[in-house]
Amino acid sequence: MKDYADQADPNMSLGECSTQRQLSQQGIQDARDIGAAFTTKGIPVSRVISSEYCRSWQTANLAFGRYDKKDSRLNFLPYEEYTDDLVALMKKNVTPLLTELPERGSNTVIVGHDDIFESATGIYPDPQGIAYVIKPDGRGGFTLVANVLPGEWAQL
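Anyway, here's the lowdown on the structure attached to this text.

Notes on the sheet that holds strand β3 (residues 108–111)
Working step 1: Strand order in the open sheet formed by three strands is β2-β1-β3, and the pairing between neighbours is parallel. For this open sheet the edge positions go to β2 (69–70) and β3, each flanked by a neighbour on one side alone.
Working step 2: Where strand β1 (residues 47–50) meets β3, four bridges bridge the pair, whose relative direction is parallel. Bridge assignment links Ser50 to a residue of β3, and that residue is Val111.

So this is what it looks like as structure tokens:
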């Protein structure tokens, strides 16, 4: 099993789940719980976008029964440590996804990774599985509305 910084492992392949860090049993349950809460609460989802990492698209499948697109802009860059230039590149890559307006009356769900989110927001998402609700402003920016732990979705 792979752990931290699998993106820097020269043997890691996006096409081979066995070479990547895997979802834990808790992660699998969290994804199912999040999906059940979305269904129970009637939260509309028009698009589900995932990184190309297996644990991301598997999370999307477990929670929402699908992913509509794998997007490489949500992938880690292949380094264990990031320079300021690499952080700026990750921010440039992911910001269009965070600022795109969802379909009217619906939501876009993005399943990605901590370093990518931190590059665009300055917030390191901790603990794993925490979700951030972002509202794009239609002018290239966004507002952070809330954060929700996996177990909190059902209580909303």
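Some thoughts on the environment of Asn107
Working step 1: The topology assignment puts Asn107 in the loop between α3 (84–99) and β3.
Working step 2: In this structure the C-alpha to C-alpha distance between Asn107 and Lys135, which are 28 residues apart in sequence, comes to 9.6 Å.
Working step 3: Once residues within four sequence positions are removed from consideration, Asn107 is found in contact with Ile43, Pro44, Val45, Ser46, Arg47 and Pro102.

Some points on the packing of aromatic side chains
Working step 1: One pass over the structure, following the stated rule, counts five aromatic pairs.
Working step 2: Measuring from ring centre to ring centre gives 4.9 Å for Phe38 and Trp153, while their planes differ by 45 degrees; the resulting arrangement is tilted. Highlighted residues: Phe38 in helix α1 (residues 25–41) and Trp153 in the segment after β5 (142–148), separated in sequence by 115 residues. Here Phe38 matches Trp153 in class, with each residue buried.
Working step 3: With centroids separated by 5.9 Å and ring planes inclined at 50 degrees, the aromatic side chains of Trp57 and Tyr67 adopt a geometry described as tilted. Taken as a pair, Trp57 in helix α2 (residues 54–64) and Tyr67 in the loop between α2 and β2 lie far apart in primary sequence, 10 residues in all.
Working step 4: Clustering of aromatic rings is evident, with ring pairs tying together Phe38, Phe64 and Trp153.

Some details on the side chain of Gln20
Working step 1: Here Gln20 lies in the segment before α1.
Working step 2: Judged by its relative accessible area of 1%, Gln20 is buried.
Working step 3: At 2.9 Å, the side chain of Gln20 and the backbone nitrogen of Cys54 are in polar contact.

Digging into the state of the cysteines
Working step 1: The final tally for this structure, using the stated rule, is one disulfide.
Working step 2: Each sulfur of the disulfide joining Cys17 and Cys54 lies 2.1 Å from the other. As the torsion about the S-S bond is roughly -90 degrees, the Cys17-Cys54 disulfide counts as left-handed. Taken together, the residues Cys17 in the segment before α1 and Cys54 in helix α2 connect sequence positions 37 residues apart.
Working step 3: The class of Cys17 is partly exposed, set by a relative accessible area of 22%.
Working step 4: Using a relative accessible area of 3% as the deciding quantity, one classes Cys54 as buried.

Focus on α2
Residues separated by three or four positions in an α-helix point in the same direction, a consequence of the helix having 3.6 residues per turn.
Working step 1: Those residues of α2 that sit buried are Cys54, Arg55, Ser56, Trp57, Ala60, Ala63 and Phe64.
Working step 2: Structurally, α2 contributes buried residues whose contacts are with α1, β1, β2 and β3.
Working step 3: Positive phi appears at Gly65, one or two residues downstream of α2, with a value of about 75 degrees.

Regarding the side chain of Arg55
Working step 1: Looking at the secondary structure, you find Arg55 in helix α2.
Working step 2: Setting aside its immediate chain neighbours within four residues, Arg55 contacts Asp6, Gln20, Arg21, Leu23, Phe76 and His113.

Quick notes on α1
Working step 1: The terminal C-alpha atoms of α1, which comprises 17 residues, lie 24 Å apart, in line with the 24 Å expected from a rise of 1.5 Å per residue.
Working step 2: Every buried residue of α1 is accounted for by Gly27, Ile28, Asp30, Ala31, Ile34, Gly35, Ala37 and Phe38.
Working step 3: Looking at the packing, one finds that the buried side of α1 touches α2 and β3.
Working step 4: Residue Gly42 follows α1 closely and has a positive phi angle near 65 degrees.

Thresholds, definitions, all that
- Residues numbered from 1 in each chain as written.
- Predicted model: local features only at pLDDT ≥ 70, side-chain atom pairs only at ≥ 80, totals over all residues.
- Heavy atoms only, no water.
- Pairing = 2+ DSSP bridges.
- Helix = DSSP H or I, 4+ residues; strand = E, 2+ residues; numbered from the N terminus.
- Contact = heavy atoms within 4.5 Å.
- Phe/Tyr/Trp six-rings, centres within 6.5 Å; stacked < 30°, edge-to-face > 60°.
- Buried < 20%, exposed > 50% of the residue type's maximum accessible area, 1.4 Å probe, protein only.
- Polar contact = N/O pair within 3.5 Å; in protein donor to acceptor, adjacent residues only side chain to side chain.
- Disulfide = S-S within 2.5 Å.
- Expected span 1.5 Å × (residues − 1).

Note that all results are geometric; they support no functional claim without further evidence.
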